[in-house]
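Below are the chains, spelled out letter by letter.
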Amino acid sequence: MNAPIKVLLVDDNEDLIDVLEEGLTNQGFAVVVAYDGAAGLERFIEARPDCVVIDVKMPQLDGYQLVRALRGDPATAAIPLLILTALPQDQERFKGLAAGVDLFLLKPQTPTEIAAQIRRAVLIDDAERERRLHHLAEEGQG
Amino acid sequence: MSTMLPAYARIFADYDRQRRLNLLRIITPFFYIVESLFLVSSFLLLLGGVVGGRLGSPQGFALIETTISSAVINVVYGLAWHAARRGQVGRASWLITFPTTLSFMISCVAQSARDGPSPLVLSLLAGFVVVIALAGALGGRGQLITITALSAIGAVGTMLVAAALHGDTLGSVQMAALAFFIVADLAEFAIFLAVQQSSRVSIAQLGELRLAVERAEQLDDLKNQFISSVNHELRNPIMGMLGHLDNLVNAPPTTPVERLRRNADRALQSAFRLRRLVDSILDARRMDQHAGEFDPAPVNVLDALHAAIQLIDPAEAKLVERDLHIAMPADLTIQGETIRLQQILTNLISNALKYSPLGSPVTILGQVMPEKTGETGKRSVAAQASARMMAEITVQDHGLGIPPDQAPLLFNKFVRLPRDLASTVVGNGLGLHLCKVLAEAMGGRIWVESSGLPNEGSTFHVLLPLASTADAYIASSPTAIVTAAAPTPYGVITNE
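Given the structure is predicted, the values throughout are model-derived calculations rather than measurements.

J.: What is the right way to look at the overall build of chain A in this model?
T.: When helices and strands are tallied, chain A shows 6 helices and 5 strands. For chain A, the α and β elements follow one another from N to C terminus as β-α-β-α-β-α-β-α-β-α-α. In chain A, buried positions account for 50% of the 142 residues. Surface summary for chain A: the accessible area is close to 6700 Å², and the carbon and sulfur share equals 51%.

Structure below.
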């Protein structure tokens, strides 16, 4: 196996972060954590993860704002994003976002299930990433 | 109609007003235009009379009279139209019906004074039928009665004047015509009264329906709020439990036993959290029914307060140093039940901590005050004394405050402020409901005062009956000061 997949977890619930960190580490991921959207953005720039798992309900910068920030920057626009939410209707809120998110995960989810989804998301082929960057560039012009 | 509830009466009044306004907006301009045409034609006739030099004749005199009264009526109809356009239903309908009736009365009496009970005068009486219909359609019941009475007086008066001035008693034809007119008048009155009354009844029924719909919509809102808060509250602990169990089952073979035990233990903690939540939701109903089942006994408020502070869930109310300022007379004693008082205090203080910024103090005060009469809450215990002495406990925070329009709703089951639903502060919307049920079960009440302005915070007041032995306390009023004995997760606890 190559270098481990690096995952950034952003959630204000410390217990959930703990449990996911432990489970994902056990399954061979490199895990970085942040307890708020703003901290998540900072950690993202430092750690350059391959994938971000984001909780929706957070103080200060919430999941929606974090996704917008990450998607608005060409450097981060192609990174797979997984949204973790307790409310099914949250999906509606994210529909307006240009590049969208890769996956909505409705709580409760086990670390094993989330691990499988991360692997799937990270394995999107390069063509898809190209398409996404291209889409973003076009939007920038328009 | 006497059984009509105030809410239905309001709905009926709204609907009836709208119906009359719609009619007035059609009828007043129509009357104004017809009357204007009449005015123009009588003016032209008058002009012809002036040119022909016939003004001195009785016909010429009648023409002047008609033109003037027509001009007056024209102005009045104009005012009625104006009132209708401005939505003044009562004024517009009176301006149509009353002057019309009056002008008919005047012209009937004037005509009969000249001609006696002639066929022309009898035919003029038909005009009263129109004004009663107008009053029935445009006016309320009072207007219908007034106009009907005036019409009857006008008709009888016309005949009496004719008979008196022409030295005649009324002939059988005139008598029959008058009797027929009075009967028709009353029949018309009865018909319109019945129409008004029946529409009143059906609107009351519609109103009942509308209230039921409103209530159902409100319940639906509450249900949605509840589902969305419970969704969040349930999914998180389930995820914690599943996660720890998943980690336990899928742990690498080399994992130390302590680590595995920790996973199991934390899964258990999540399960306990889940159980507490389920209990609180399912118990809300039970609590409603059993809140009053206790033997009232004297309970020291300060003791209950200390116990209550220990009970606050540090995880829920954020384990951060917070200053609790307490000014509670050491011997303030209520007549109630310990656990219930503790629950009220725990809920109020934990709310104050949850919904105010870190670092801001929470102030808890206790004092004795007479219960104000007039502001009545439900009193199931000791409701006999009208101005009994009560213990007032207030819990004040410096949070965002509560918008005044939302404050009364807060004590309903499953209600949380929209702001809090959107926030990360957890809650199931049951705490304040429970406080209300418990306070009322002990013969007290609870309310909140808040300007709704940020930083001004909220003050929750609980009024509970004093224990009878506390009468002595009121007389001597000692201000004993007790400092917190047990260490707590909170910062400074001062009893000033």
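J.: Where do I start with the nonpolar core in this structure?
T.: Within soluble globular proteins, side chains that are nonpolar generally end up buried alongside one another. Judged by nonpolar contacts, the single largest core of 47 residues is most densely connected at B:Leu305, B:Met328, B:Leu341, B:Leu348, B:Ile349 and B:Ile364. Sorting the residues of this core by element identifies α9 (301–311), β2 (324–327), α10 (338–354), β4 (362–370), β5 (389–396), α12 (431–441), β6 (445–450) and β7 (458–465) of chain B as the ones contributing at least two each. In contact with B:Leu341, other than residues within four places in its own chain, are B:Val299, B:Val301, B:Ala304, B:Ile334, B:Ile393, B:Met442 and B:Leu464. In terms of nonpolar packing, the next biggest core, distinct from the first, is built from 22 residues, A:Leu9, A:Leu16, A:Leu82 and A:Ile118 among them.

J.: What is the right way to read the interface of chain B and chain A from this model?
T.: For an interface, size is often stated in terms of accessible area lost upon the parts coming together. The partner chain A presents 27 residues to the 25 residues of chain B that form the contact. Here chain B and chain A share an interface that buries about 2100 Å² over both sides, 55% of which is from carbon and sulfur atoms. Inspection of the region where chain B meets chain A yields 4 salt bridges. The interface formed by chain B and chain A contains 12 residue pairs in polar contact (both at pLDDT 80 or more). Those elements that place two or more of their residues in the side of chain B that touches chain A are α7 (172–249), α8 (257–290) and α11 (418–422) of chain B. Here the element with the most residues in the side of chain B that touches chain A is α7(B); it accounts for 13 residues.

J.: How should I be thinking about a nonpolar patch on the surface in this particular structure?
T.: Taken together, the side chains of B:Val40, B:Phe43, B:Leu44 and B:Leu47 present a nonpolar region at the surface, about 380 Å² in accessible area. Summarising the element assignment, B:Val40 is placed in helix α1 (residues 6–52).

J.: How do you make sense of the pattern of salt bridges when you look at a structure like this?
T.: Side chains that carry opposite charge are capable of pairing whenever their charged atoms lie near each other. The tally for this structure, following the rule as stated, stands at 11 salt bridges over all chains. Two residues, A:Glu22 and B:Arg262, come together in a salt bridge whose shortest N-O distance is 3.8 Å. Of the two residues, A:Glu22 is situated in helix α1 (residues 14–26) and B:Arg262 in helix α8; the pairing between them involves two chains. A:Glu22 gets classed as buried once you look at its relative accessible area, which sits at 8%. Residue classification places B:Arg262 among the partly exposed positions, given a relative accessible area of 34%. Here A:Asp55 and A:Lys107 are joined by a salt bridge, their closest N and O atoms 3.2 Å apart. Taken together, the residues span a long stretch of sequence, with A:Asp55 in strand β3 (residues 51–55) and A:Lys107 in the loop between β5 (103–106) and α5 (111–122) at a distance of 52 residues.

J.: Can you help me understand helix α3 (residues 89–115) of chain B in this one?
T.: An α-helix turns once per 3.6 residues; consequently, residues spaced three or four apart project the same way. In this model, α3(B) (27 residues) spans 39 Å end to end at C-alpha, consistent with the 39 Å of a helix rising 1.5 Å per residue. Directly beyond the C-terminal end of α3(B), a positive phi value near 80° is found at B:Gly116.

J.: Please explain the packing of helix α6 (residues 141–165) of chain B against α7(B) as it appears in this structure.
T.: Each packed pair of helices is defined by two parameters, the angle between the axes and the distance between the axes. Residue and element names in this part refer to chain B. Two elements in contact, α6 and α7, have axes whose closest approach is 11 Å; the angle formed by their N-to-C orientations is 180°. As summarised for this structure, α6 and α7 are arranged roughly antiparallel, according to the angle between their axes. Within the contact between the two elements, α6 uses Arg141, Leu144, Ile145, Thr148, Ser151, Ala152, Ala155, Val156 and Met159 and α7 uses Gln174, Leu178, Phe181, Ile182, Asp185, Phe189, Phe192, Leu193, Gln196 and Arg200. For the contact of α6 with α7, the residue count by class is 12 nonpolar, 4 polar and 3 charged.

J.: What am I meant to see in the sheet that holds strand β1 (residues 6–10) of chain A here?
T.: Strand pairs in the sheet, formed through backbone hydrogen bonds, run parallel or antiparallel to each other. Residue and element names in this part refer to chain A. Ordered by their spatial adjacency, 5 strands build an open sheet running β2-β1-β3-β4-β5, and the pairing between neighbours is parallel. Of all strands in the sheet, those bounded by a partner on one side alone are β2 (30–34) and β5. Mean inter-strand twist for the sheet, computed between neighbouring axes without regard to direction, equals 20°. Where β3 meets strand β4 (residues 81–85), 4 bridges bridge the pair, whose relative direction is parallel. Looking at β4, one finds that Val53 is bridged to Leu82.

J.: Any chance you could explain the packing of helix α5 (residues 126–138) of chain B against α6(B) here in plain terms?
T.: All names here are of chain B. In contact at an axis separation of 8 Å, α5 and α6 are set at 170° when each is read in the N-to-C sense. Judged by the inter-axis angle, α5 sits roughly antiparallel to α6. Here α5 contributes Phe128, Val131, Ile132, Ala135 and Gly136 to the contact with α6, which in turn contributes Gln143, Leu144, Ile147, Thr148, Ser151, Gly154 and Ala155. Taken together, the residues that form the contact of α5 with α6 break down as 7 nonpolar, 5 polar and no charged.

J.: Looking at this structure, how should I read the pairing of β2(A)?
T.: Looking down a regular strand, the side chains alternate between one sheet face and the other. Residue and element names in this part refer to chain A. Relative to β2, β1 runs parallel, the two being bridged by 5 bridges. Bridge pairing in β2 places Val10 opposite Ala34. Once you follow β1 into α1 and on to β2, the crossover reads as right-handed.

J.: What should I look at first to understand the side chain of B:Ser151 in this one?
T.: Residue and element names in this part refer to chain B. Mapped onto the secondary structure, Ser151 falls in helix α6. Take Ser151: its relative accessible area is 0%, and that puts it in the buried class. Every residue in contact with Ser151, bar those within four places of it in the chain, is listed here: Thr101, Phe128, Val131, Ile132, Phe181 and Asp185.

J.: Help me out: how do you make sense of the confidence of the model for chain B in this one?
T.: Regions with low pLDDT should not have their predicted coordinates read in detail. Residue and element names in this part refer to chain B. Chain-level pLDDT for chain B is 80 on average; 84% of the residues reach the 70-or-more range. The spread of mean pLDDT over the elements of chain B runs between helix α13 (residues 471–476), the lowest at 43, and β7, the highest at 93. Across residues 374–385 the pLDDT falls below 50, and counting only partners more than four positions away or on other chains, this stretch makes 15 contacts in the model.

The rules behind these values
- Residues numbered from 1 in each chain as written.
- Chains lettered and ligands numbered in written order.
- Predicted model: local features only at pLDDT ≥ 70, side-chain atom pairs only at ≥ 80, totals over all residues.
- Heavy atoms only, no water.
- Helix = DSSP H or I, 4+ residues; strand = E, 2+ residues; numbered from the N terminus.
- Buried < 20%, exposed > 50% of the residue type's maximum accessible area, 1.4 Å probe, protein only.
- Areas by Shrake-Rupley, 256 points an atom, 1.4 Å probe, with all protein chains shown as cover.
- Core = buried A, V, L, I, M, F, W, Y, C linked by side-chain atoms within 4.5 Å.
- Contact = heavy atoms within 4.5 Å.
- Buried area = accessible area lost by both parts, 1.4 Å probe.
- Salt bridge = Lys/Arg side-chain N within 4 Å of Asp/Glu carboxyl O.
- Polar contact = N/O pair within 3.5 Å; in protein donor to acceptor, adjacent residues only side chain to side chain.
- Patch = residues over 30% accessible without salt bridge, like charges linked within 9 Å, V, L, I, M, F, W, Y side chains within 5 Å.
- Expected span 1.5 Å × (residues − 1).
- Axes fitted to C-alpha atoms, helices over the stretch in contact; angles between N-to-C directions.
- Parallel < 35°, antiparallel > 145°, perpendicular 65-115°, else oblique.
- Nonpolar A, V, L, I, M, F, W, Y, C, P; charged D, E, K, R; others polar.
- Pairing = 2+ DSSP bridges.
- Right-handed = clockwise from strand over helix to strand, strands pointing away.
- pLDDT = per-residue confidence, 0-100.

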